[in-house]
Amino acid sequence: MFVKNLFSAIMATTIFSLISALIFLLLDGVDVSLTEAAVGAGISTILFLSTLKHTDVMVKKSRTPSFPLIVLFLLLLGLLSFAVSDLPEFGKFNQTSNSQVSEYYINKSKTEMGVPNVVTSILAGYRGFDTLGEVVVIFIAGISVLGILRKRKSNS
Amino acid sequence: MRHHTIPRIVTKLLIPVILLFGLYVQFHGDFSAGGGFQAGVIFAAGFILYNIIFGLDIGKSILSVNTSKSLMALGVILYLMVGFLGILLGGNFLEYNYLSNTPINGQLLGIFLVELGVGLTVSNVMVLVFYSFNDISEEK
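It should be emphasised that the depicted structure is a prediction, and the values quoted were computed from it without experimental measurement.

The rules we used
Residues numbered from 1 in each chain as written. Chains lettered and ligands numbered in written order. Predicted model: local features only at pLDDT ≥ 70, side-chain atom pairs only at ≥ 80, totals over all residues. pLDDT = per-residue confidence, 0-100. Contact = placed C-beta atoms within 7 Å. Helix = DSSP H or I, 4+ residues; strand = E, 2+ residues; numbered from the N terminus. Nonpolar A, V, L, I, M, F, W, Y, C, P; charged D, E, K, R; others polar. Core = buried A, V, L, I, M, F, W, Y, C linked by C-beta atoms within 7 Å. Buried ≥ 20, exposed ≤ 12 C-beta atoms within 10 Å, placed from the backbone. Domains from an automatic or database assignment.

1. Description of the confidence of the model for chain B
Caution applies to low-pLDDT regions: their predicted coordinates should not be interpreted in detail. When pLDDT is averaged along chain B, the result is 86, and 96% of the positions lie at 70 or above. For this predicted complex, the interface confidence reaches an ipTM of 0.85, while the overall pTM sits at 0.81.

2. Here we look at the interface of chain B and chain A
If you look at the interface, chain B gives 43 residues, while chain A gives 38 residues. Broken down by secondary-structure element, the contributors of at least two residues to the side of chain B that touches chain A are helix H2 (36–54), helix H4 (65–88) and helix H5 (103–139) of chain B. In terms of residue count, the dominant contributor to the side of chain B that touches chain A is H5 of chain B (22 residues). Considering only residue class, the side of chain B that touches chain A consists of 26 nonpolar, 13 polar and four charged.

3. Here's the deal with the nonpolar core
The biggest cluster of nonpolar side chains holds 43 residues, and the ones touching the most others in it are Ala38 and Ile43 of chain A together with Val41, Ala44, Val125, Met126 and Val127 of chain B. Among the secondary structure elements, those contributing two or more residues to this core are helix H2 (30–52), helix H6 (118–126) and helix H7 (128–148) of chain A together with H2, H4 and H5 of chain B. By residue number, the principal contributor to this core is H5 of chain B, which donates eleven residues. If you count residues domain by domain, this core takes at least three from each of domain 1 (1–61) and domain 2 (92–150) of chain A. Residues in contact with Val125 of chain B, not counting those within four places in the same chain, are Ile138, Phe139, Ala141 and Gly142 of chain A together with Met72 of chain B.

As structure tokens, this is what we get:
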């Protein structure tokens with residue numbers, strides 16, 4: 001937001017991705033951390049930099065945010081901060097969303113699937129249908145990018 | 001980039017390691033961290049690095065745009081096939097228990113094939129997006 005040079009902005013995003021990958025790693029979310037490091041810090045940086053080739057490196061003029069926008073932002077921030085107090089305690093075991101399903105997955109994954117990594121057994125096994133939808137979404141996204149960025153036939 | 005010595009040498013050393021790590025994450029995803037999605041991205045990142053250093057022409061001679069498109073679709077088809085195979089062999093859609101002689105083996109086989117489909121699709125989508133971003137810059 002405060003960086004005028006887009007190149008430094010991209011580097012800041014990359015560093016942010018790497019740091020959040022480290023945070024995920026410390027929270028024992030190794031799979032998420034691996035994804036964040038590969039997608040956030042790897043591929044998206046490359047794509048941002050390829051986009052940067054088509055535009056100017058510097059931001060032309062920075063807009064000063066208008067007064068109603070600031071009020072709206074502060075209002076939303078206050079509302080969200082107020083809602084945070086209703087969230088369950090971080091990592092608490094006995095809450096509703098943690099009590100039934102995840103316990104089943106953790107206990108049964110080894111005997112039902114023979115797969116020690118619970119994340120994999122949930123993603124590909126128990127929630128296989130969701131993952132199918134995810135793959136189809138990625139496929140459609142790839143097709144869309146190809147459609148938008150395809151080479152124009154040289155008739156102009 | 002081919003004339004820069006340090007990036008070229010470092011890339012040459014790194015690419016086998018990156019690709020091997022991608023394959024490890026792909027095929028060892030049941031037992032350690034990772035899975036098809038992560039492996040696909042890592043594999044694509046290695047290939048894109050090769051493209052950046054040695055040029056898109058050499059990269060496209062290894063994996064052409066059309067091959068990549070077919071492989072991208074093949075991943076989704078493989079996933080769906082595993083799902084329908086479950087129905088054909090007497091179970092529900094995406095039920096892996098019937099794929100092999102014992103349910104555990106069926107689960108392992110099903111998860112393996114499904115992850116392979118995910119990996120194929122993801123890596124080829126990434127490579128294709130990279131190709132099409134750079135095709136534009138060639139036009140200008």
